Amino acid sequence: MGLILLLGPLRFTPDLPDLPRTERTIGWDDVFASDPITGTLLLLWKLYRGSVSQIQGEVCNFHPSCSVFGARAIAEYGPLRGLLLSSDRLQRCHPGAYSYAEQYGGVVFVEGRGYKIYDPVEDYR
Amino acid sequence: MMVLLASLDSLLMFARDLYLEGDPYRAILEYKRVLYTLRIEGRDTDTLYSYVLRRMLEAYVALGDPMGGMRALEYWATDHTGRDYRRYLGTLMFLMRDYGQARRVWRGDDTLEAVAGAMLGDGKAYDLLGRPPGLKSPAVAAALSALIPGLGKAYAGRWKDGLYSFAINSSLALGLYLAARDDSKPRMAVYGLAFAYFYLGNIYGSYVAVRKMNERITLEYVSRWLPLF
């Protein structure tokens, strides 16, 4: 029952949204065929976005949010570095993070989310 | 002729005032007007032409559009092999954080090459420019975080991040210890994986935090040698 409740709001789409390079259209088949580890991690991310994230609501202090950042980091830098970056981001996401906003890209207003610290994946090249 | 010179002079002053007033977009238009006039008069090799070009590029940078500056430079510069052209082009590339390209464009100019080299982490660059004060070692930060989670972040000057990392990692370590004490393998697996994920992320995060801090300090330090501004 719990599993059904957890998986209830899942909405699968054929393409991954918000991938870092929009000129590349990556489908699930491509991801799994080229890199099964990355594919599995992105599927886990999809499960999180469809379930916990929707129940939890808007709590992240950053833009893009930690889950989107994690997925982009994995897609952009591979599973190892992507996981390390996502773990680091989760440990940086706390209410006191705003005092370090100038060390990131400053504070930006995001439609529907309010004021967030701008910290894109591209800054970690 | 005097009337024309006075007119160019006042146009330049007007453009400069627009720039100082905080309107770089309109300033660019006025600078282009002057460049156009100088070009049709055949004075595009003048020192004045180079001066106006530089002012226009500064306005592009103030506008936050170094890419637009590169396009303008390509169009308005008449000598694409000249010293000024390479200096300005390299600066625009530098501002777009393409330090490798900037270094290639600046080849032959030791100081500017060192400026780009410093951003690329070339230790030899500091022999010429001097070492920026306040640089820290990313390896030390990683080692400190491996010793006590969060300590590396505190070393980077972000003690709030450090405290938060310490709280997460110590909670998970405690969970892992309690699971091991109860000999509960499923709990051990869950806590073990979570702890490994956060612990390794904490080490890597400290390394990245110090590296980015060093990049900021170096950028601020070397900016004084940039030809624009």
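Being a predicted model, the structure only gives us computed values, none of them experimental.

**As for the overall build of chain A**
A count of helical and extended segments in chain A gives six helices and three strands. Counting from the amino terminus, helix and strand elements in chain A follow one another as α-α-α-α-β-α-α-β-β. Of all intrachain contacts in chain A linking residues separated by at least 6 positions in sequence, the fraction that spans at least 24 positions is 59%. Approximately 6,700 Å² of chain A is accessible, and the part contributed by carbon and sulfur atoms is 62%.

**Points about the interface of chain A and chain B**
Taken together, the contact between chain A and chain B spans 20 residues of the former and 22 residues of the latter. Both faces combined, the contact of chain A with chain B buries some 1,900 Å², and carbon together with sulfur accounts for 51% of it. Considering only the surface of chain A that becomes buried against chain B, Gln91, Tyr100 and Gln103 of chain A emerge as the three largest contributors, covering 35% of it. Scanning the region where chain A abuts chain B turns up two salt bridges. With a shortest N-O distance of 2.9 Å, Lys153 of chain B and Asp88 of chain A are connected by a salt bridge. The residue inventory of the side of chain A that touches chain B, partitioned by class, reads eight nonpolar, seven polar and five charged.

**A look at the layout of surface pockets**
Space inside the largest pocket adds up to approximately 1,100 Å³. Forming the boundary of the largest pocket are 42 residues, of which Trp45, Tyr48, Ser67 and Leu90 of chain A together with Tyr197 of chain B lie nearest the centre. Counting residues per element, the ones that place at least two in the lining of the largest pocket are helix H1 (2–7), helix H3 (36–50), helix H4 (52–56), helix H5 (66–77) and helix H6 (79–92) of chain A together with helix H12 (185–222) of chain B. When its residues are assigned to classes, the lining of the largest pocket shows 26 nonpolar, eleven polar and five charged.

**Here's the deal with the packing of helix H7 (residues 110–119) of chain B against H12 of chain B**
To describe two helices that pack against each other, one gives the angle between their axes and the distance between the axes. All names here are of chain B. Two numbers describe how H7 lies on H12: the axes approach to 9 Å, and their chain directions differ by 165 degrees. It follows that H7 is roughly antiparallel to H12 by the angle criterion. As for the relative orientation of H7 and H12, their crossing is left-handed in sense. Contacts between H7 and H12 pair Val115, Ala118 and Met119 from the former with Glu215, Thr218, Leu219 and Val222 from the latter. Grouping the constituent residues of the contact of H7 with H12 by class yields five nonpolar, one polar and one charged.

**Remarks on the pairing of strand S3 (residues 114–118) of chain A**
Residue and element names in this part refer to chain A. As judged from the two bridges shared by strand S1 (residues 62–63) and S3, these two strands associate in the parallel manner. Pairing of Phe62 across the sheet is with Ile117, part of S3. In terms of strand pairing, strand S2 (residues 107–110) meets S3 through four bridges, oriented antiparallel. If you follow Val108 over to S3, its bridge partner there is Lys116. Linking S2 to S3, which pair antiparallel, is a turn of three residues; within it Gly112 sits at a positive phi near 85 degrees.

**With respect to the packing of aromatic side chains**
The tally for this structure, following the rule as stated, stands at nine aromatic pairs over all chains. Ring geometry for Phe94 of chain B versus Trp106 of chain B: centroids 5.9 Å apart, planes at 35 degrees, classification tilted. Of this pair, Phe94 of chain B sits in helix H5 (residues 83–95) while Trp106 of chain B sits in the loop between helix H6 (99–105) and H7, placing them twelve residues apart in sequence. Judged by relative accessible area, Phe94 of chain B falls into the buried class, the value being 1%. Here Trp106 of chain B falls in the buried class, since its relative accessible area comes to 1%. Measuring from ring centre to ring centre gives 5.4 Å for Phe195 of chain B and Tyr199 of chain B, while their planes differ by 20 degrees; the resulting arrangement is stacked. Separated by four residues within a single helix, Phe195 of chain B and Tyr199 of chain B lie in helix H12, roughly one turn from each other. Aromatic rings pair up to connect Phe94, Tyr99 and Trp106 of chain B into one cluster. Here Arg92 of chain A stacks its cationic end above the ring of Phe62 of chain A, 5.8 Å away from the centre of that ring.

**Section: the domain arrangement of chain B**
As far as domains go, chain B holds domain 1 (2–131) and domain 2 (138–218). For domain 1 of chain B versus domain 2 of chain B, the separation of C-alpha centres amounts to 45 Å.

**Some points on the sheet that holds S2 of chain A**
Taking strand neighbours across the sheet as the criterion, the three strands line up as S1-S3-S2 (chain A) in an open arrangement whose pairing is mixed. The open sheet terminates on both sides in strands that have one partner only, identified here as S1 and S2 of chain A.

**Re the packing of H3 of chain A against H5 of chain A**
Residue and element names in this part refer to chain A. Running from N to C, H3 and H5 cross one another at 165 degrees; their axes reach a closest spacing of 10 Å. It follows that H3 is roughly antiparallel to H5 by the angle criterion. Crossing angle aside, the handedness with which H3 passes H5 is left-handed. Across from Thr38, Leu41, Leu42, Trp45, Tyr48 and Arg49 in H3, the residues of H5 making contact are Ser67, Val68, Ala71 and Ile74. Looking at the contact of H3 with H5 residue by residue, the classes come out as seven nonpolar, two polar and one charged.

Each value, and the rule that gives it
- Residues numbered from 1 in each chain as written.
- Chains lettered and ligands numbered in written order.
- Predicted model: local features only at pLDDT ≥ 70, side-chain atom pairs only at ≥ 80, totals over all residues.
- Heavy atoms only, no water.
- Helix = DSSP H or I, 4+ residues; strand = E, 2+ residues; numbered from the N terminus.
- Contact = heavy atoms within 4.5 Å.
- Areas by Shrake-Rupley, 256 points an atom, 1.4 Å probe, with all protein chains shown as cover.
- Buried area = accessible area lost by both parts, 1.4 Å probe.
- Salt bridge = Lys/Arg side-chain N within 4 Å of Asp/Glu carboxyl O.
- Nonpolar A, V, L, I, M, F, W, Y, C, P; charged D, E, K, R; others polar.
- 1 Å grid on protein atoms, 1.4 Å probe; cavity = no way out; pocket = protein on both sides within 12 Å on 5 of 7 lines; lining within 4 Å.
- Points joined across faces, edges and corners; volume = space filled by probe spheres on them.
- Axes fitted to C-alpha atoms, helices over the stretch in contact; angles between N-to-C directions.
- Parallel < 35°, antiparallel > 145°, perpendicular 65-115°, else oblique.
- Left-handed = near helix turned anticlockwise from the far one by under 90°.
- Pairing = 2+ DSSP bridges.
- Phe/Tyr/Trp six-rings, centres within 6.5 Å; stacked < 30°, edge-to-face > 60°.
- Buried < 20%, exposed > 50% of the residue type's maximum accessible area, 1.4 Å probe, protein only.
- Lys NZ or Arg CZ within 6 Å of the ring centre and 35° of its normal.
- Domains from an automatic or database assignment.

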